[in-house]
Structures are given as C-alpha cells and as structure tokens.
Amino acid sequence: MSDESLLHQVKRTGVLPGLPDKHFIDGAWRPSAGGGMMESFDPGRASPHATFAAGDAEDTAIAVASARRAGEGAWKKVLPRERSRILSQAAGLIREHAERLAITEVLDSGKTISEARGDVAGAARCFDYYAGAADKNEGRSFPLGEDYASFSINEPVGVTAHIIPWNYPLSTTARSVAPALAAGCTAVVKPAEQTPMTALMLAELLHTAGLPNGVCNVVTGTGAAVGSPLTAHPDISHITFTGSTATGINVMQAAARNIASVTLELGGKSPNVVLADCDIELALDNVVGAIFENAGQICSAGSRLVIERAIHTKFIERLVQRARDLRMGHGLSESVNFGAINSAEHLAKISAYLDDARSRGLAIPTGGNPTLDPATGKGWFFEPTIVDNLAWDDPVVQEEIFGPVLAVQVVDDFDEAVAAANCTRYALVAGIFTRDLSKAHRFARDVDAGQVYVNEYFAGGIETPFGGNRKSGIGREKGLVAVASYCKTKSVTIRI
Ligand code: NDP
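Residue numbers run consecutively from 1 along every chain, following the written order of its sequence. Given that this is a predicted model, residues contribute local features only at a pLDDT of at least 70 and side-chain atom pairs are listed and counted only at 80 or more, while totals for whole chains, interfaces and linings are drawn from all residues. Each side-chain value is worked out from all heavy atoms of the structure, with water and hydrogens disregarded.

Further remarks concern the overall build of the protein. Working definition: helices are DSSP H or I runs of at least four residues, strands are E runs of at least two. Numbering for both runs from the N terminus. Across its full length, the protein holds 17 helices and 23 strands. Here the C-alpha radius of gyration of the protein, 23 Å, is about what a compact globule of 496 residues would show, namely 23 Å. Judged by the C-alpha coordinates and their principal axes, the protein covers about 70 × 65 × 40 Å. Throughout this description, buried means an accessible area under 20% of the type-specific maximum (1.4 Å probe, protein chains only), exposed means over 50%, and partly exposed covers the range between. Counting only residues that meet the buried cut, the protein has 55% of its 496 residues in that class. Residues are treated as being in contact if the distance between any of their heavy atoms lies within 4.5 Å. Across the protein, every contact between residues at least 6 apart in sequence was considered, and the portion connecting residues at least 24 apart equals 73%. Only the protein chains shown count as cover for residues, with accessible areas throughout obtained via the Shrake-Rupley method and a probe of 1.4 Å. Accessible area for the protein stands at about 19,300 Å²; split by element, carbon and sulfur atoms hold 52% of it. Considering the protein, the positive charge centre built from 46 side chains and the negative charge centre built from 56 side chains are found 4 Å apart. We take the radius of gyration over the C-alpha atoms and set the globule estimate at 2.2 Å times the residue count to the 0.38 power. A positive count includes Lys and Arg, and a negative count includes Asp and Glu. His and the chain ends are not counted in either. Charge positions are represented by NZ for Lys, CZ for Arg, CG for Asp and CD for Glu.

Right, here's the structure in full:
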C-alpha cells in the first residue's frame, strides 16, 4: 500500500493494523509471562487504538538475561566495522518504513504527522551518525618512557537499560540505543506505557538489519512493573533515563545499589531571552516554536519568555495572535500544526496549573483551558496559553508544566535577564535573541544550562551534546560523548 493510502486508511478507521502486541526479546516476539495486556490510547480521539503486552519482573529478567548472553557471545564477536554496517542498514530501514513509523507515533503520542515525520527522519540520522562512530572508538597511549607501552581500550560497559518517555518515543529510543550499540553494548528498552509501539518496531528493524538475537530487547508495561525491576537488576551496568526529576531520583537510587552508571535527562523550565535589540520576526517565530511544538511537551521547551520591558507589550500582542493562529486537531490531519496532550492524566495536570493561576488573578492574555479537536469534538487538547508578567517565584515560572503554557518574565536590562534565566532549579537549555554579539557571548558564559541557543531555538543536531545541569540531569546524550558513557576505559601497561 502506498504511504498516501495508508495514511488515508488510518484516518478513516482510527487504527493501524499489524502493530506489535508482544515484547521483543532475544530476537523474537514474546508474550508476557503473566499473560497481561494493556491498551494504548490515541490522544487525538481519547480512545484506545491498540493493545500491547503488560510486562513484569519475569519478562524483564528474561530480557536482561538475553542481553547479557548476547553481549558475552555473538555481539562480542562482531567487528566494529560490522557494527557500523548494521547501524547504517538500520538507518536505511527506518527511512524505508518512515511513514508507518510516523503514523504509529501520531496514534500513540498525539503529536502531528509533520512532527512525527521529523522525529523519524531524526532517528534515521541518529543511526547514520553512530554507524560512523562504531569503528572510530579509539583509545589513547600514555607516555611512560621507552621502557613501557601503555595504552587504553574503550570496552563496552555491558548490558544497558533505556527508560523512555512518551513525548518523543522513537527519537529518544534512537538517541539512547544507537550510541550504546555503537560502543558494543547490549540493550533492554522500556518504553513509556502510553507510547510502546515505535520502540518495538525499531527493535524489529534492528534485528532485520542484522543485529544478533538478544542485542536489543524491548519490554513493554508500566514503570512500576517493568522500569523498576529493570533499573534494580544487578546485571545492568548503565541506565539511560529520560523523564521526570522525581522518577530520575528513584532510578539513580536503584543504580547506586548496583554501582551502575546513569545518564539522566530530566525536567526543564528553560528560558528564552528576547532582548530589545533583536530581530523581532525571528524571535516571534522561535518563541512560538519553542513552546508550542509538540504542544509544549518537550523537556527542552522554551517555557519561559524573559523579555525586556521596552518591547514587552507589543511583542506579547503579536505572540497572542500567533498562538491563536495555530491550527489544533488530530495529528493525522495534515492541515493541523498543534497536536494533542498525551493523556487524560497529563491534561488534568496542566489544567490544574491554569485553574490555580486563574484563581490567583494572574494575567492570561490567551488560552488557559482544556479543549477538544474542533473537527470531531474529541480528544485531549489544551489551548496554546500565555501567562504574562509573572513574579520569579510563581509556580508557573518555577514548575515544569510540560504543556503549551508560556510563562512570561519581564526584565529591565540584560543583567536582570541573565538572573531571571538562572532563577529555577532546572538548567537544561537556554535561548537568547539579540543582535549584540557581546551580549550573546556573555549570556552563553553566565547562564547555567547544558546547551545555549543564540538566535535559533533548538539549534543543533545529533552532533551536539545534549543534557542538563542542576535538577535537569546528569551526563550527556548525543554527540560522541554519548558513546563514551557506554564505555569503560581499560588501561594496559607493558614493561618491555
Ligand atoms: P516519568 O518520569 O514517571 O516516566 C518516564 C519513564 O519512566 C516512563 O517510561 C515510565 O514508565 C518510567 N518509570 C516510571 N516509574 C519508574 C520507576 N520507578 N523506575 C523506572 N522507570 C520508571 O514521567 P511521567 O510520564 O509520569 O510524567 C510526569 C512528568 O514528568 C511530566 O509531567 C513532565 O513534567 C515530566 N516528563 C519529562 C520528560 C522529559 O523529556 N524530560 C518526558 C516525560 C515526562 P511508565 O510511563 O510506563 O509508567
């Protein structure tokens, strides 16, 4: 079936036939040991679109055992250049199945089809990038003088666990698993219970690309039933977790008991600083994209606008218009550019923040309410929302709402903007819009963030390291630094 007719059929029926409903363990589909099943909901319709296996500790243990066997056996024998070839092949297969993956992502997550297509393209690019890294993981030599030969080897850490959130299911799985495989590790992936499908599909594609049985396993189910036993398993050497700070703390505690290393990509409340000297059109485009893409459900969303008083009133007027111009609806409709909220629970959480803001008399120039797909009267949606002129200690400024809610802080000058940017417990990303190169550099120097964007929010790619400081996390994904987190250095020194 052509991509076009597939999209047309799924729009009509609301389901995509043939989605996986079992775990992917040891190179094969495997039902849950306990026989349990769960439902996955289409957020754009607020109704179930598929079922999948509800795993437990037994399934998790089987997956870890299979990953350990593969790591000590077949995968160990695969040459680095062959790992490169497999990852490269996987990138090609992702592109071949791109539309099916994108449609699945829309049904599971609620995002728009154009966002999902972008995520799929990014996942393929991620495998291309790490394919290039697998055979270049070089060690170093150490100068001990002529009587010694001393060098280091980057060995794979072993079995790695990957806990994936629901906002970017495929791209987070790809950016987490690809460098682990490039390093020679094996993987057990636990997708979020809301969005299990594309991780399963990716595991199957990796298998088709030539990955030996057991190298990449996916166990679906809840955080309590699968995530918790996975992170506590004594055979896990490294855990990469993306999600909330609260769960990240639990994951780190579980890792500590086994002396496993962690990469934690946690929450954010990232500032987007707009100075009076900036290119206003450029800043408007970027402020809108930074908070309303994926309906604001992005750890690195520009969820705080820090703006100079001189341009505040006019800028907000135009921003309100841009927010009202967004076309909300089911993600499979190609005319839509603003999708759904992932779950009823999450919609209730966002709504509670806005109810509280209203009860305290805060200025909400646009949005502030849960709503429905205007075309069907269904789904979990929240209006693009701006809360203006906030005190720095307001919960709307301090807490990660993780939805389409922009918190505005008005400042008098550059120095106050930097202080405002640094005023939360998070430190993930920070953006600035200015024509003043000196201010841009001073901002990059003085802001506490894992990544700084100047005159383009979300600038960068798989090449640029990504991660947070403070309560936003520890360690870095993306870039070559990600491969290093899946390696242990062994130094070998020989008296000659
Ligand atoms: P969680 O942090 O609880 O979930 C993220 C992942 O962790 C999911 O796969 C989840 O599984 C899993 N998990 C949950 N509990 C455990 C555990 N004890 N051990 C191991 N894994 C576990 O986030 P929520 O989905 O509950 O969202 C809550 C808030 O977190 C959001 O409102 C948002 O603020 C933030 N968040 C941040 C994200 C980011 O990109 N940094 C992404 C998602 C959420 P399961 O879903 O199956 O329970």
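Here the narrative resumes.
Here a pair means two rings of Phe, Tyr or Trp (six-membered ring of Trp) with centres within 6.5 Å. Their orientation is stacked below 30 degrees between planes, edge-to-face above 60, and tilted elsewhere. Within this structure, the stated rule accounts for eight aromatic pairs. Between Phe24 and Trp29, the ring centres sit 5.0 Å apart and the planes meet at 75 degrees, which makes this aromatic pair edge-to-face. An angle of 70 degrees between the planes, with centres 6.3 Å apart, marks the rings of Phe292 and Phe338 as edge-to-face. Placement of Phe292 in helix α11 (residues 280–292) and of Phe338 in the loop between α12 (309–325) and α13 (344–359) is noted, with a sequence separation of 46 residues between them. Pair check on accessibility: Phe292 and Phe338 agree, each one buried. Of the aromatic side chains, those joined through ring pairs into one cluster are Tyr453, Tyr457 and Phe458. For a ring to carry a charge above it, either NZ of a lysine or CZ of an arginine must fall within 6 Å of the ring centroid while also lying within 35 degrees of the normal to the ring plane. Above the plane of the ring of Tyr168 lies Lys111, whose end atom (NZ or CZ) is 3.7 Å from the centre. Note that Arg495 overlies the ring of Tyr148, its terminal NZ or CZ placed 5.4 Å from the centroid.

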